[in-house]
Amino acid sequence: MSRLIPVRETILAAAILVLLLLISSRFAGFIAPSNLANVFNDTAPLIILALGQMVVILTRCIDLSVAANLALTGMVVAMINVAMPGLPIPVILAVAVLLGAVMGAVNGILVWKLSIPPIVVTLGTMTIFRGIIFLISDGKWVNSHEMSPAFTAFPRMELLGLPVLSWAAIITIILFGIMMARTQFGRSIFAVGGNPHAAVYTGIDVGRTQFWAFVVSGALAGLTGYLWVSRFAVAYVDIAGGFELEVVAACVIGGISIAGGIGSVGGAVLGAIFLGVVKNALPVVNISPFWQLAISGSAILIAVAFNSRSGRTKGRIILKSAEATQ
Amino acid sequence: QDDVRIALVVKALGIGFFEAAAEGAEEAAAELGNVEIIYTGPTDTTAEGQIEVINALIAQNVDAIAVSSNDTDALVPALQRAMQRGITVISWDSGVAPEGRQLHLNPSSNPLIGNMIIKLAADHLPDGGEVALLSATTTSTNQNIWIDEMMAVMGDYPGIEVVATVYGDDLADKSYREATGLMQTYPELDAIIAPTSVGIVAAAQAVVDAGKVGEVNVTGLGLPSEMAGAIESGASQSFAIWNPIDLGYSATMLAYELSQNGAVAEPGAEIPMGRMGSLTLDENNEGAMADPFVYDASNIDQFKSIF
Amino acid sequence: MTTRIAPAPAPDVSPIVSMDMITKTFPGVKALDQVKLDLFPGQVTALVGENGAGKSTTVKILTGIYQPNGGTIRIDGDPVVLATPDDASQAGITAIHQETVLFDELSVAENIYIGHAPRTRLGLIDKARMHQDASALLTEIGAPFSSHTQLRDLGIANKHLVAIARALSVDARVVIMDEPTAALSHKEIEELYELVETLKSQGKAILFISHKFDEIFRIADRYTVFRDGAFVADGQISDIAENDLVKMMVGRSVEQIFPQTNHEIGEEVLKVVGYAHPTEFADINFTLNKGEILGFYGLVGAGRSEFMQALFGITKPSKGVCRINGNIEVIRSPADAVANGIVYVPEDRGKQGAIIGLPIFQNITLPSLDKTSRKGFLKLAEEFKLAREYSQRLDLRAASLDQDVGNLSGGNQQKVVIAKWLATQPQVIILDEPTKGIDIGSKAAVHEFMAELAAQGLSVIMVSSEIPEVIGMSDRVIVMRDGRIAAEVEGDDMTPETLVRHAAGITTPTEGAAA
Amino acid sequence: MTTAPQTRHVPDRLNSRAARIFKSWEALLLAVAIAIFVINSFASPYFLSAWNLSDATFNFTEKAMIAFAMALLIISGEIDLSVASIIALASTAMGLALQYGAGTPELVIIGLTVGVLCGAFNGFFVTVLGLPSIVVTIGTMSLFRGISFIILGDDAFRGYPASFSWFGQGYIYWVFTVEMLLFVIIAVIYGVLLHKTNFGRAVYAIGNNPTGAMFSGIRVARVKFILFLLTGLMSGVAAVCLTSRLGSTRPSIATGMELEVVTMVVLGGVNILGGSGTIPGVVIAAFVMGLVTFGLGLLNVPGIVMSIFIGLLLIGVIALPRLWAMAAARRTP
Ligand SMILES: Nc1ncnc2c1ncn2[C@@H]1O[C@H](COP(=O)(O)OP(=O)(O)OP(=O)(O)O)[C@@H](O)[C@H]1O
Ligand SMILES: Nc1ncnc2c1ncn2[C@@H]1O[C@H](COP(=O)(O)OP(=O)(O)OP(=O)(O)O)[C@@H](O)[C@H]1O
Ligand SMILES: [Mg+2]
Ligand SMILES: [Mg+2]
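For clarity, every value in this text was computed on a predicted model and none was experimentally measured.

**Let's talk about the nonpolar core**
Then step 1. Among the nonpolar cores identified, the biggest contains 358 residues, and M54(A), I65(B), W92(B) and F68(D) are the most heavily contacted of them.
Then step 2. When residues are assigned to domains, this core turns out to be shared by domain 1 (37–250) and domain 3 (353–425) of chain C, each giving three or more.
Then step 3. Those residues in contact with I65(B) that lie beyond four places of it in its chain are A7(B), V9(B), I54(B), L57(B), L79(B), A82(B), I87(B), T88(B), V89(B) and I90(B).
Then step 4. Y275(C), L311(C), Y390(C) and L401(C) belong to the second largest nonpolar core, which has 67 residues in total.

This is how it looks when you write it as structure tokens:
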């Protein structure tokens, strides 16, 4: 029964609706479809990264290096673009995804083969990736006028009324929906996080699954790296600084259990959208932007307290069964 | 031979404006002959980062520190320690409180800049209109001063209304989002004034993406090399900046004068700064280098490859 | 009811699987020592042996979870290496494991098919077909729930049915069942027997592990006996008597194991009145006297551990009082319990008992730190003194006292846990399945020690699911069923038959209810 | 019946004290620290100067104060990512009090109290509601700093009294700063607390097996709550020092410090999953990080490049022994 109506997602969606209504009472234009499309577009990178992070968290790991991965990939593709302005966008995309995946694989290998705790691994690679950006760019910015028009135009290109950036998020959501529900890998992810011991009995390699989760998260970070850099038309060391925590926050708000095994694509997406709405609404409803941090912090606390209440395991009930059989 | 070591401490490494200032510093060093420039700074714009850098410089016993600070007050104790150890300390571009430095070099006089940024917007709004400010961080000293100066002269521009001030933290994505938010909240908005080189570029990009070129004019302070695209697209009619090369050059010259030639920083003093003439100090030991210079479609091509 | 289902086929067919000279060692334990095991098509082979004899280890080797240190496995006469669980299912071997190895967050169908779900042409999991197939399987084994149910919503018995369905979802030639009936009710057990019969008629080889002799004699065709990780004997069930099988299993007759209990029972120490919990247990009333060994018997899942943990202050009872030495005491936490002289040696040694990662001496002194320290500051010399005293008393076998307790064998870990509690000088010691998973030698030592404690005036509560142990050790036995006290038996009433009858809730005596 | 068992003698310890120390993580780390010290003295002529070394300690003293409390928290199996935000909130509270005329003693008391209250807030969510600490403190990390932003906005509090500057800028004797003294005192207190008291033993027990610790009569929730209080308190102390050193409060104070604190703790040999680690290890790790950043700073290496070294150090010191073991295992199958 609880399966038919996913409680957490419904409540989160309702919370977002209420939030939208509140905002629209202060500023009606916010819920105009065109503006909502803008908000979605602005939240697209967060959605994509949150999905990658979700996979990692489901396997009982955490990836703190996503933002640094994004920034490094973004810088590399920007520099490639400056050096070879003629390189077609599909090649750039492939490079970005591949590079991101390689960085994810580095994390994954350290977790899988050396059994170093994921938080230590990604804390380390986070600083290392950022440092590498500085080394390859010499700390310099890549500015919009240095990038080729095709490079910066891609994420804004409109298809069926929505920019490519939004489509990237939508396609990622669909692919993840299919992957998590309908593929062996997706189900293994839940199994590994839910009960690693049992996963071994079922023939699922826990370490290998975690490795691939990191690769997926890295690849998405790479993709987002290109989208980010081209959308804001600038690349430098610090882009998306601290974004990793926002990504984790989106997952937590979306009901993904940090202990692994519990979570859904819908939850991650809604969690990201919740943060996106808050972030975009503050400037327009004239709440001082200084409130943003406190609001998202409170949202995390409320969400996690709520999720743990609704998700508390029932335990086995010895007496009930007694009553039933008598 | 023992070189004179002058440290040019910037808000953060990698920002085009400061890279250009460093070039100017090298130019001054070459002119002076026996000067070694240490160009340094934190990687992100934090006061704590600058303090660590300054501590390292004190330890190296450099001759002078010229700093563009991330925080008016937080650097003071560290800089005071530097002065106690006999190091010449000046601030430039973004100042520190008077007790933390010997003098401060303003790129231009603050009232002039404050007036300039609103004038740039008003010149294209003969019938008045709504303008909004997109600043850097809430704590950036110079932006805050310029905005205050601007507010002081608003009486000269009747019909122009400042509807909001937002902060992009000198981050491209945040500035972009704030600019987009401004255009949504104030559909009638006529101009965005961004007195920061990061914010102005992001705002111009946001205007282009919102399809509001021609409706919203982005202006403020920016670098020709970064703003060339915005002028071309029409997102920005004009903007201003002083020459960062000159600024780095002047700061180096001043530091050299104070530490090597016995110049004394006191109210009313005139301190030479090479080809840029001399700096006259006011009662706060501050002085202005030169007027800001306006760039628009007529001259942008000439400067965009220089800085 | 106990009609033999089918005559044993002639033993001249060749085995599908045969294990030969298989050895498996764990750090500090030789779980299997050159054992052999043959499984024939269309026959049920019962693998019998005491706890820790190596039965489950054998299962894990056959299913590719553990790798043997030596020996050969042959399938249809050809040597194979089963490196992963996948290899094993490729080879046609499937198992219902002793522990439920399932996923709470997945649906029943997904649990059944994880790893080998039917695919659509695009390579995606075919949900419709998966649920269809799963439903068919569930119907076949008589499971009363839908394939869409989320596993977390099922009770332990139903979870076990899912595990059975999972094993059957693989088209296997060899089906292994490791204590499949331990958690099932009568009706489900009957259906399982029918299922075994069907599988047999399909020519599959079945390995059936059970401690229940009645069912072994009812459904098995052959037997193999392990003792202490070594092969003892195998043969046709029809050729052997129950008593002989027991003897082979234990290596001596059952009565001999238990020490003479010549302790004196004194006045009342503990009285529990009306203990209840909203979901786990209700109406628990009993008394415990000085120097008494009180046995708690019941089927696994009867709620004994839950109640003991409430008595120890871990779970909070909703009702009930507890009187210690005549005074009413409120026990809200284990710290309160210890202060009142009640200590608990838990069933789950790894999780709840030993603190793996801490050295032996620190494990022993942990609840007695107040005694070995001054004003909250540790005094190592005192700690070692205490640890030395109790490790000697329990005859602990270890390289040194500062060795990680995790490096000890199970029996010695158990000794450390008991030492830890004895060092607090308690009045009442609760031992939950004290000999579960420890070797025969240690088991005897624990039994002997228990008797010694009682003789010294300590009151002992012993929770055990092993009938011989309960009968051999206890002065009095309380039987629990479904969270309530089903009976209290004493003296000559303590027969295997009465205990099983009360534990299973059978009102009319049945034949062959116990070994 | 078995015969009366012959009691065996089990020795107290297997290895001598010297052997244990020699093989320890701390010994390895100390060797690294000494190596860095020697390399630094060759790399820069300015390194071996008392005043410079004294200045260098500011790079780590405040972080280390928190790291000691954090070490206990991590050993117990929890973590607090909100420490830097606690500093911001405590500093803001001090600034606010300053506006109402508080003097130095009041400022210190307020800073410490706010720290403890924040710790209690975290502790409540973790121990009473039973939520995972990593998530709770990611939330409070935003919340605490967010409150500072709400209070301060784009403003700053300045004008702290001269006597207040003693904590972050004062010297006890010659080159020895007040912060150094605090660092030493706190290190000793936490060293004793963790290694020499019943409380410390309980922390280890909880970290290795929380259920087992509870079953052994340890009040697990209470111990964890106290650890959150202590971490909050230490953040309060660091807030006093940092505010005093900077002479002003802005909401962005100490941004990102939590990760440096965690890095220091992990580098000090504390198992991020709980159960093991020592205070001497953290002390040495503090020096290692301080020496690396100061040494590279003298060479004017940008901070971000230093962080590569720290990142590599972090992964390297954990990975190398494991790679070693794997290689050894391969050689002798
Ligand atoms: N992973 C392991 N690590 C260390 N020792 C183990 C491990 N698994 C099993 N053992 C030990 O191997 C021996 C055999 O255990 P096994 O589980 O095979 O017994 P069993 O015959 O199935 O017992 P039971 O009837 O209790 O299920 C025991 O002494 C056990 O403690
Ligand atoms: N619903 C369930 N889901 C999963 N595991 C269960 C469930 N019920 C019981 N178990 C497991 O079965 C085993 C036996 O249960 P446990 O010993 O806790 O039962 P109990 O109530 O203490 O009964 P007793 O001690 O009388 O056997 C334990 O390992 C327990 O974890
Ligand atoms: Mg078994
Ligand atoms: Mg039990």
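Moving on from the coordinates now.
**A look at the interface of chain D and chain C**
Then step 1. Contact with chain D, which involves 32 residues of that partner, is made by 46 residues of chain C.
Then step 2. Taken together, the two surfaces of chain D and chain C that pack against each other cover about 3,300 Å², and 55% of this comes from carbon and sulfur.
Then step 3. Applying the counting rule to chain D against chain C returns two salt bridges.
Then step 4. Taken together, chain D and chain C are joined by 10 residue pairs in polar contact (both at pLDDT 80 or more).

**Considering the packing of helix α3 (residues 66–83) of chain A against helix α10 (residues 206–232) of chain A**
All names here are of chain A.
Then step 1. Interhelical geometry of α3 versus α10 gives an angle of 50° and a closest axis separation of 7 Å. Taken together, the axis directions place α3 and α10 in an arrangement best described as oblique. In the crossing of α3 with α10, the sense of the turn from one axis to the other is right-handed. Facing α3, whose interface residues are V66, N69, L70, T73, G74, M75, V77 and A78, α10 presents S217, G218, A221, G222, T224, G225, Y226, W228 and V229.
Then step 2. Counted by class, the contact of α3 with α10 contains nine nonpolar, eight polar and no charged residues.

**Notes on the site of ligand 1**
All names here are of chain C.
Then step 1. Lining the immediate environment of ligand 1, one finds 15 residues, of which G52, K55, S56, T57 and Q98 sit closest.
Then step 2. Contact distances for ligand 1 include 2.9 Å between an oxygen atom and a backbone N or O atom of G54.
Then step 3. Within the side chain of Y66, one N or O atom sits 3.1 Å away from a nitrogen atom of ligand 1.
Then step 4. Alone, ligand 1 offers 630 Å² of accessible surface; in the complex the protein occludes 72% of this.
Then step 5. When residues of the shell around ligand 1 are traced back to their parent elements, those giving at least two are β2 (29–39) and α1 (55–62).
Then step 6. The residue makeup of the shell around ligand 1, split by class, is five nonpolar, seven polar and three charged.

**Considering the domain arrangement of chain C**
Then step 1. When the domains of chain C are assigned, the result is domain 1 (37–250), domain 2 (255–341 + 426–505) and domain 3 (353–425).
Then step 2. Distance between the C-alpha centres of domain 1 of chain C and domain 2 of chain C: 33 Å.

**Some details on the packing of helix α10 (residues 198–208) of chain D against helix α12 (residues 220–246) of chain D**
Residues and elements named next belong to chain D.
Then step 1. Packing of α10 against α12 leaves a shortest axis separation of 10 Å and a crossing angle of 110°. Here α10 is positioned roughly perpendicular relative to α12, judged by the angle of their axes. When α10 is examined against α12, the residues F199, A202, V203 and I206 are found in contact with a partner set consisting of V220, V223, K224, I226 and L227.

**Quick look at the interface of chain A and chain D**
Then step 1. Between chain A and chain D, the contact holds 39 residues from the first and 42 residues from the second.
Then step 2. Taken together, both faces of the contact between chain A and chain D bury some 3,300 Å²; the carbon and sulfur share is 88%.
Then step 3. The tally of links between chain A and chain D comes to three residue pairs in polar contact (both at pLDDT 80 or more).
Then step 4. Looking at the side of chain A that touches chain D, the element that brings in the most residues is helix α5 (residues 118–137) of chain A, giving 14 residues.
Then step 5. Its residues assigned to classes, the side of chain A that touches chain D shows 27 nonpolar, nine polar and three charged.

What counts, and where the lines are drawn
- Residues numbered from 1 in each chain as written.
- Chains lettered and ligands numbered in written order.
- Predicted model: local features only at pLDDT ≥ 70, side-chain atom pairs only at ≥ 80, totals over all residues.
- Heavy atoms only, no water.
- Core = buried A, V, L, I, M, F, W, Y, C linked by side-chain atoms within 4.5 Å.
- Buried < 20%, exposed > 50% of the residue type's maximum accessible area, 1.4 Å probe, protein only.
- Domains from an automatic or database assignment.
- Contact = heavy atoms within 4.5 Å.
- Buried area = accessible area lost by both parts, 1.4 Å probe.
- Salt bridge = Lys/Arg side-chain N within 4 Å of Asp/Glu carboxyl O.
- Polar contact = N/O pair within 3.5 Å; in protein donor to acceptor, adjacent residues only side chain to side chain.
- Axes fitted to C-alpha atoms, helices over the stretch in contact; angles between N-to-C directions.
- Helix = DSSP H or I, 4+ residues; strand = E, 2+ residues; numbered from the N terminus.
- Parallel < 35°, antiparallel > 145°, perpendicular 65-115°, else oblique.
- Left-handed = near helix turned anticlockwise from the far one by under 90°.
- Nonpolar A, V, L, I, M, F, W, Y, C, P; charged D, E, K, R; others polar.
- Near = heavy atom within 4 Å.
- Areas by Shrake-Rupley, 256 points an atom, 1.4 Å probe, with all protein chains shown as cover.

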